[in-house]
Amino acid sequence: MSLDQNWFSEEHAGIGSAWSARIKNKLFDERSPYQHVEVYDTEGFGRLMVIDGCTMVSSLENFVYHEMMAHPALFTHPDPRRVAIIGGGDCGTLREVLRHPGIQRCTQIDIDQTVTRAAQLHFPELCEANDDPRAELLFIDGIKWMQEAEPGSLDVIIVDSTDPVGPGEVLFTPEFFRACHAALADDGLVVQQSESPLVHLELIRNMYRSFAEAGFSDTQTLFFPQPIYPTGWWSATLAKKQGTFAGFREADARAKPFATRYYNHDIHRAALVQPEFFRQAFGD
Ligand code: SAM
């Protein structure tokens, strides 16, 4: 929905709110077999990628999301080397993962090549690690790739997906989580974008149930701001294959050999602190 031709606007289903940005130009508009992909040049948020009418990535604030989808999980795992990203076609999470020198291979599996092509054209800064010899970019349905992955072959799985509608719906199911559980090594973990803690609490609760049903032994949720997403407040939920979460490699995070713009060890610790309503909702 757009206010008029000078504005892009996304109406947030079910919560009676919307997010709008004044646009200077439309740069990309393609319908793939899976999704409708658009890119706008906006006045205040730089480039803006939209999939099926939902905001995905903006030049102004994508660093928060991409850093929080990658670094907390990688600094929580004892020694991550083999990573898979399901979704993430804009390539920003891939860039953050490959900042970690210990990573030997990172496979990005997105269902839609159009997203990556739009990113290469209009978000080249996000695609700067695409030619890294450790990177592999595949265009397949994430659940199919995960169900065919070699058992125990992954250390960390990052699910950087769209909302649980359309092609992204299957990525929030116990079937998909079971496939992730099988593909992970014993000390492995998965992290998944888990929407807004304020208005999608039921979705997060279902994710906790589905992770447990799929055999994961522990879950934890991180909270962070994301201005272009509904309510401006977002989350990522981690699930551990075996054992319980007991902190993260704080010394390594403090001494990380690469620059970030949002993530640091203090932000990591703070992002794990649950607001009272969340504690009550999850009985912690
Ligand atoms: N940050 C965004 C968010 O939280 O909404 C996600 C960004 S990323 C662009 C989302 C990606 O998920 C898209 O590129 C889309 O093609 C991909 N995707 C959706 N369903 C998928 C599936 N079943 N398998 C693999 N990738 C999928």
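These figures come from a predicted structure and were not determined experimentally.

Q: Which residues make up the sheet that holds strand 7 (residues 105-109), and what are the values?
A: Spatially, 8-7-6-9-10-12-11 is the arrangement adopted by the seven strands of the open sheet, whose pairing is mixed. In this open sheet, the two edge strands, each paired with only one partner strand, are strand 8 (135-138) and strand 11 (218-225). Direction aside, the axes of adjacent strands within the sheet are offset by 15° on average. As judged from the five bridges shared by strand 10 (residues 184-193) and strand 12 (residues 233-240), these two strands associate in the antiparallel manner. Bridged to Q192 within strand 12 is T237. Relative to the sheet, helix 5 (residues 174-183) contacts strand 6 (82-87), strand 9 (154-160) and strand 10, its axis offset from that of strand 10 by approximately 145°.

Q: How would you sum up the nonpolar core? Please name residues and give values.
A: If you look at the biggest cluster of nonpolar residues, it comprises 43 residues, and the most contacted ones within it are V83, V97, C106, I158 and F224. Counting residues per element, this core draws most heavily on helix 1 (residues 62-76), which supplies nine residues. Excluding residues that lie within four positions of it along the chain, V83 makes contacts with L74, V97, I103, R105, C106, T107, L154, V156 and I158. A84, I109, W145 and A149 belong to the second-largest nonpolar core, a separate cluster that totals 24 residues.

Q: So, the environment of P257: which residues are in play, and what are the values?
A: Summarising the element assignment, P257 is placed in the loop between helix 7 (250-254) and helix 8 (265-271). Accessibility expressed as a relative area gives 62% for P257, which makes it exposed. Separated by 158 residues in the primary sequence, P257 and R99 have C-alpha atoms spaced 8.3 Å apart.

Q: Talk me through the site of the ligand; I want residue IDs and the actual numbers.
A: Neighbouring residues of the ligand: 26 residues in total, closest D110, D141, G142, P167 and Y229. In this structure, D110 approaches the ligand through a side-chain N or O atom, which is 2.6 Å from an oxygen atom. Separating a nitrogen atom of the ligand from a backbone N or O atom of G142 is a distance of 2.8 Å. The fraction of the free accessible surface of the ligand (590 Å²) that becomes covered by protein chains is 99%. Taken together, the residues that form the shell around the ligand break down as 12 nonpolar, nine polar and five charged.

Calculation rules
Residues numbered from 1 in each chain as written. Predicted model: local features only at pLDDT ≥ 70, side-chain atom pairs only at ≥ 80, totals over all residues. Heavy atoms only, no water. Pairing = 2+ DSSP bridges. Helix = DSSP H or I, 4+ residues; strand = E, 2+ residues; numbered from the N terminus. Axes fitted to C-alpha atoms, helices over the stretch in contact; angles between N-to-C directions. Contact = heavy atoms within 4.5 Å. Core = buried A, V, L, I, M, F, W, Y, C linked by side-chain atoms within 4.5 Å. Buried < 20%, exposed > 50% of the residue type's maximum accessible area, 1.4 Å probe, protein only. Near = heavy atom within 4 Å. Polar contact = N/O pair within 3.5 Å; in protein donor to acceptor, adjacent residues only side chain to side chain. Areas by Shrake-Rupley, 256 points an atom, 1.4 Å probe, with all protein chains shown as cover. Nonpolar A, V, L, I, M, F, W, Y, C, P; charged D, E, K, R; others polar.

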